[in-house]
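Understanding the architecture of this molecule
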Amino acid sequence: MVVSSPSAVEECLTTNDIVFANRPPLTMAKYVAYNCTTIGTVSYGNHWRNLRRISTLEIFSSNRLNVFTGIRRDEIKIFLNKLYSVSSHDFDKVELKPMLMELTFNIIMRMVAGKRYYGEEETGKNKAEAKEFREMIAEEMLFAGTESSAVTLEWAMSNLLNHPQVLEKARNELELNVGEETFMNESDLSKLPYLQNIISETLRLYPAGPLLTPHLSSQECSVGGYHVQPNTVLLVNAWAIHRDPELWDDAVVFKPERFECTPGNKFLPFGLGRRSCPGTGLANRVVGFALGSMIHGFEWKRASDEEIDMSEGVGLTMPKAKSLEAMCKARNIMKKVLSSPL
Ligand code: HEM
């Protein structure tokens, strides 16, 4: 069953949230996700609840996200340094995707590779089991979080290059609220609503999970007046809802200003209900901090007069068909970043 309207989504993922909280046993998940026993692939029940509980406690709670602020700052600085090394004197061409993948991978890797994460307090047999369990969660986080965050950043920068007036407005917002004396920090994000709207608008038009992840019903139910059998695979077409001209003005136009009003249930890049993305808070921090830093630290322009080709490619997380090549040049403030300690 494919649903493509907010009211049908609400019936499936709010009214019938528990009914659709299972996952289909996909062949791929059998081979790459420990025989469908990871958070994203296991059906609803005690094992799933346990995995969600541990990952929330150790990774996603705001307390843990705050503990890991330094990791994100270090890795962003390393990333900015690499950009600087090619563009310190004049505009030079960069291919962003591999650098962004390295950035998001390293951030998540360092969050889940520490001693504390591996349950130092456990002893004996429990310790080995706890380690294996936590390794499985760590692998899943790298799988679910690395590419989704990196492609979102690549789509965001592509949009900015095709809409220089949006890029300029974002730079003005940074100048006004952060200034040129100190470099932006993750905590500045709350003062940068326009930057956040750029990311929302990117996720609206280019959601990394255009069909979310398939859900499976555990018992019969009714959706939109239709009778739905148990074991029905549900695909939620977030991509279509995000581009529906009945729901959005100028539906296919990139206009971050539209997020000055809260969009409500027609915007669901992270899904809805109990199987929605547990990494939302982390993704918002990483994508916001990285995009803000790229704008604060560098001038950006297209490699030619032609618009960036926004065609969608094929993949697990909706990639660009042609990876982005952009021109960038370091701004003066980058010298401050380089001279400050990590
Ligand atoms: C921009 C970045 C991201 C986007 C757009 C995104 C989107 C999504 C979507 C659409 C789902 C499926 C929701 C559903 O089935 O209804 C999902 C699930 C999930 N995401 Fe994300 N995600 C992002 C980043 C992350 C990050 C950074 C992590 C972890 C480090 C993560 C971990 C997960 C996990 C574990 C699930 C499975 C949840 C479950 O089945 O219970 N995601 N994400």
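Further up the page is the structure itself.
Cut-offs and rules
- Residues numbered from 1 in each chain as written.
- Predicted model: local features only at pLDDT ≥ 70, side-chain atom pairs only at ≥ 80, totals over all residues.
- Heavy atoms only, no water.
- Donors = N, O, S within 2.8 Å, 3.2 Å for Na, K, Ca; no water.
- Helix = DSSP H or I, 4+ residues; strand = E, 2+ residues; numbered from the N terminus.
- Axes fitted to C-alpha atoms, helices over the stretch in contact; angles between N-to-C directions.
- Parallel < 35°, antiparallel > 145°, perpendicular 65-115°, else oblique.
- Left-handed = near helix turned anticlockwise from the far one by under 90°.
- Contact = heavy atoms within 4.5 Å.
- Nonpolar A, V, L, I, M, F, W, Y, C, P; charged D, E, K, R; others polar.
- Near = heavy atom within 4 Å.
- Polar contact = N/O pair within 3.5 Å; in protein donor to acceptor, adjacent residues only side chain to side chain.
- Pairing = 2+ DSSP bridges.
- Buried < 20%, exposed > 50% of the residue type's maximum accessible area, 1.4 Å probe, protein only.
- 1 Å grid on protein atoms, 1.4 Å probe; cavity = no way out; pocket = protein on both sides within 12 Å on 5 of 7 lines; lining within 4 Å.
- Points joined across faces, edges and corners; volume = space filled by probe spheres on them.

Let's shift gears to the coordination of the iron atom of the ligand. Put simply, the ideal angle at a metal is 109.5 degrees for four donors in tetrahedral geometry and 90 or 180 degrees for six donors in octahedral geometry. Here the protein supplies the iron atom of the ligand with just one donor, Cys277 (SG), and that contact is 2.3 Å long. Tracing the chain through its elements places Cys277 in the loop between helix 10 (238-242) and helix 11 (280-297).

Running from N to C, helix 9 (residues 193-205) and helix 11 cross one another at 115°; their axes reach a closest spacing of 10 Å. Relative to helix 11, the element helix 9 is oriented roughly perpendicular. Crossing angle aside, the handedness with which helix 9 passes helix 11 is right-handed. Mapping the contact onto sequence places Leu195, Ile198 and Ile199 in helix 9 and Val287, Gly288, Leu291, Gly292 and Ile295 in helix 11. Residue composition of the contact of helix 9 with helix 11, grouped by class: 6 nonpolar, 2 polar and no charged.

All right, on to the site of the ligand then. Within the structure, the ligand sits among 26 residues, and Arg23, Trp48, Arg52, His215 and Cys277 are positioned closest to it. One nitrogen or oxygen atom from the main chain of Ile39 is found 3.4 Å from an oxygen atom belonging to the ligand. The contact in question runs from an oxygen atom of the ligand to an N or O atom on the side chain of Arg275, over 3.1 Å. Every element with two or more residues in the shell around the ligand is listed here: helix 3 (46-60), helix 7 (124-162) and helix 11. Looking at the shell around the ligand, the element that brings in the most residues is helix 7, giving 6 residues.

Let's shift gears to the sheet that holds strand 8 (residues 325-330). The 3 strands are arranged 2-8-7 in an open sheet whose pairing can be described as antiparallel. Only two strands of the sheet have a single neighbouring strand rather than two, namely strand 2 (92-95) and strand 7 (298-302). Here the average twist between neighbouring strands, direction ignored, is 40°. Across 5 bridges, strand 7 lies against strand 8 in antiparallel orientation. Bridge pairing in strand 8 links Arg302 to Ala326. Relative to the sheet, helix 11 contacts strand 7 and strand 8, its axis offset from that of strand 7 by approximately 95°.

What follows covers the environment of Leu160. Looking at the secondary structure, you find Leu160 in helix 7. In this structure Leu160 comes out as buried when scored by relative accessible area, which is 0%. Along the sequence, Leu160 and Arg64 sit 96 residues apart, while their C-alpha atoms lie 32 Å from each other. Not counting residues within four places of it along the chain, the set of residues in contact with Leu160 comprises Val166, Leu167, Ile198, Leu291 and Ile295.

Overall, the coordinates contain 1 cavity of 30 Å³ or more when judged by the stated rule. Looking at the largest cavity, its volume works out to about 60 Å³. Forming the boundary of the largest cavity are Glu75, Ile78, Phe79, Lys82, Met99, Glu102, Leu103 and Asn106. Mapped onto the lining of the largest cavity, the elements with two or more residues apiece are helix 5 (69-87) and helix 6 (96-112). Across the lining of the largest cavity, the residue classes tally to 4 nonpolar, 1 polar and 3 charged.

Moving on, we get to the environment of Arg285. Among the secondary structure elements, Arg285 is positioned in helix 11. Taking the C-alpha atoms as reference points, Arg285 and Arg72, separated by 213 residues in sequence, lie 9.0 Å from one another. When near neighbours in sequence (up to four residues on either side) are disregarded, Arg285 contacts Ser62, Leu65, Asn66, Arg72, Glu186 and Leu189. A polar contact is formed between the side chain of Arg285 and the side chain of Glu186, at a distance of 3.3 Å.

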